[in-house]
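# Remarks on the overall topology
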Amino acid sequence: MPLSSMTGFARSAGALDGLHWQWEVKSVNGKALDVRCRMPQGFDGLEAALRTAAAKHLKRGNLQVNLMVSGLAAGETVTVNRAALDRVVIAAQELHAQIGGEPPRADALLAMRGVLEIAQPEIDEAEIERRNRAMAASFEEAIVALDAARRAEGARLATILASQIGGIENLSRAARDCPARSPEAIGARLAEQVSRLMETGASFDRDRLHQEAVLVANRADIQEELDRLFSHVTAARALLASPDAIGRKFDFLAQEFNREANTLCSKAIDMTLTQIGLELKSVIDQLREQVQNIE
């Protein structure tokens with residue numbers, strides 16, 4: 001299964017017995033699958049079916065569902081409320097006589113609230129069930145289209161993530177091969193520092209000084225951090241190739257990358273290693289930002 005993003009948008013439409021509808025579904029990042037529905041009055045009975053359809057195709061994301069309905073269902077009739085129309089006409093004529101302008105138009109008068117009345121016939125449960133099945137099927141078309149859009153975005157994300165993982169690996173290699181972390185370089189740096197202390201004329205225990213120098217050298221060793229970074233790179237590539245939803249696991253792995261980079265920077269005793277560590281943190285931050293959008 002290709003990588004899937006949590007960001008996407010899709011529409012679908014349908015009609016039945018003169019009733020027309022359109023679904024709009026939009027998803028953004030979320031820790032779990034959260035479906036929120038906005039539907040006209042009388043269509044609340046669809047919500048359970050919508051949640052089931054969404055969970056069938058999606059694992060995570062905040063999903064906003066909008067339903068727009070138009071047209072007349074079978075058996076609905078439209079009548080003009082004459083009393084309301086007469087009041088509106090009188091008010092419009094008085095306003096026209098007072099301020100002039102275009103005379104009131106029929107379409108504008110009919111659009112006034114209360115002038116047109118729609119009478120809805122009693123609908124039996126079988127008809128409601130048939131309508132709901134048709135609308136739910138149309139909604140699932142929108143969810144399938146949304147899933148496709150999220151996977152297309154996921155393919156783009158996969159390319160970006162692969163590049164960033166490669167960047168982390170290259171910087172880890174640069175840190176591993178940095179001349180400043182060789183035992184000889186560390187020893188020379190410590191010897192220089194000890195020599196400066198001895199030149200001050202202060203009294204030092206040479207054996208104790210040697211032990212402290214060994215401890216400093218051990219603390220400056222970043223081999224464990226490098227080993228874990230390379231291990232995390234391997235794990236990240238395995239996640240990219242996984243058929244499962246990997247967003248949560250990748251988010252945790254990105255945190256582990258960041259922890260090792262922080263430790264590497266804190267142990268660096270050379271400007272070259274420090275610069276490598278800072279570049280490493282920058283790439284990892286970019287990786288973490290992209291990972292937040294993975295399902």
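The structure we're discussing is the one just above.
The structure contained in this document is the topic of the report that follows.

### Digging into the overall build of the protein
A tally of regular secondary structure across the protein gives 9 helices and 6 strands. Taking all 295 residues of the protein together, 34% fall into the buried category. The long-range share in the protein, meaning contacts at least 24 apart out of those at least 6 apart in sequence, stands at 80%. With the model as given, the accessible surface of the protein reaches about 17300 Å², and the carbon-plus-sulfur share is 53%.

### Overview of the packing of aromatic side chains
Scanning all chains against the criterion turns up 1 aromatic pair. Centroid distance W23 to F139: 5.1 Å. Interplanar angle 65°. Geometry classified as edge-to-face. In this pair, W23 sits in strand β2 (residues 19–28) while F139 sits in helix α4 (residues 125–176), placing the two residues 116 residues apart along the sequence. Looking at W23, the relative accessible area reads 0%, which means it is buried.

### Quick notes on helix α9 (residues 271–291)
The end-to-end C-alpha separation of α9 is 30 Å, in line with the 30 Å expected for 21 residues at 1.5 Å each. For α9, the full list of buried residues reads L273, I276, G277, L280, V283, I284, L287 and V291. For α9, the buried positions fall inside an angular range of 130° around the axis, keeping them on one side. Turned more than 90 degrees away from the buried face of α9 sit M271 and E289, all of them exposed. Contacts made by the buried residues of α9 are with α4, α7 (223–240) and α8 (247–267).

### Quick notes on the nonpolar core
Formed by 30 residues in total, the largest nonpolar core has its most connected members in I168, F250, F257, L287 and I294. Among the elements of the structure, α4, α7, α8 and α9 are those that each provide at least two residues to this core. Here this core takes 7 residues from α9, the largest share from any one element. Beyond its immediate stretch of four places on either side in the chain, I294 contacts L3, S4, M6, R60, L157, L161, I246, G247 and F250.

### Observations regarding the pairing of β2
Regular strands have side chains that alternate between both faces of the sheet. Direction of pairing for strand β1 (residues 8–16) relative to β2: antiparallel, over a ladder of 9 bridges. Counted as the bridge partner of R11 is E24 from β2. Once β1 ends, the chain turns through 2 residues before running back antiparallel as β2, passing D17 with a positive phi of about 50°. With 10 bridges joining them, β2 and strand β4 (residues 61–71) adopt antiparallel strand pairing.

### Focus on the packing of α7 against α8
The angle between the axes and the distance between the axes are what describe a pair of packed helices. Put simply, α7 and α8 touch, their axes get as near as 10 Å, and they point 160° apart. On the basis of the axis angle, α7 is roughly antiparallel to α8. As α7 runs across α8, the sense of the crossing is left-handed. Contact residues: E225, L226, R228, L229, H232, V233, A235, A236, L239 and L240 in α7; K249, F250, L253, E256, F257, E260, T263, L264 and K267 in α8. Split into classes, the residues belonging to the contact of α7 with α8 amount to 11 nonpolar, 2 polar and 6 charged.

### Overview of the packing of α4 against α9
At their nearest, the axes of α4 and α9 sit 10 Å apart, and the two run at 160° to each other. When the axes of α4 and α9 are compared, the pair comes out roughly antiparallel. The element α4 and its partner α9 pack so that their crossing is left-handed. Judged by residue contacts, L157, I160, L161, Q164, I165, I168, L171, S172, A174 and A175 of α4 engage L273, I276, E279, L280, V283, I284, Q286, L287, Q290 and V291 from α9. When grouped by side-chain class, the residues that make up the contact of α4 with α9 number 15 nonpolar, 4 polar and 1 charged.

### Regarding the environment of N66
Within the element layout of this structure, N66 appears in strand β4. The spacing of N66 and V25 is 41 residues in sequence and 6.4 Å in space, taken between C-alpha atoms. Beyond its immediate sequence surroundings of up to four residues, N66 is in contact with Q22, W23, E24 and R38.

### Some remarks on the pattern of salt bridges
On inspection of all chains with the given rule, the structure shows 18 salt bridges. As a salt-bridge pair, K56 and E140 come within 3.1 Å of each other at their nearest N and O atoms. Within this pair, whereas K56 is found in helix α1 (residues 47–57), its partner E140 is found in helix α4, the two being separated by 84 residues in sequence. On the accessibility criterion, E140 (24% relative accessible area) is partly exposed. For R150, the salt bridge identified is with E295, shortest N-O distance 2.8 Å. In this pair, R150 is assigned in helix α4 and E295 in the segment after α9, connecting sequence segments 145 residues apart. Across this residue pair, the class does not change: R150 and E295 are buried. Linked through salt bridges whose partners overlap, the residues forming this network are E224, E225, R228, E260 and K267.

Criteria and cut-off values
Residues numbered from 1 in each chain as written. Predicted model: local features only at pLDDT ≥ 70, side-chain atom pairs only at ≥ 80, totals over all residues. Heavy atoms only, no water. Helix = DSSP H or I, 4+ residues; strand = E, 2+ residues; numbered from the N terminus. Buried < 20%, exposed > 50% of the residue type's maximum accessible area, 1.4 Å probe, protein only. Contact = heavy atoms within 4.5 Å. Areas by Shrake-Rupley, 256 points an atom, 1.4 Å probe, with all protein chains shown as cover. Phe/Tyr/Trp six-rings, centres within 6.5 Å; stacked < 30°, edge-to-face > 60°. Expected span 1.5 Å × (residues − 1). Arc of directions from axis to C-beta. Core = buried A, V, L, I, M, F, W, Y, C linked by side-chain atoms within 4.5 Å. Pairing = 2+ DSSP bridges. Axes fitted to C-alpha atoms, helices over the stretch in contact; angles between N-to-C directions. Parallel < 35°, antiparallel > 145°, perpendicular 65-115°, else oblique. Left-handed = near helix turned anticlockwise from the far one by under 90°. Nonpolar A, V, L, I, M, F, W, Y, C, P; charged D, E, K, R; others polar. Salt bridge = Lys/Arg side-chain N within 4 Å of Asp/Glu carboxyl O.

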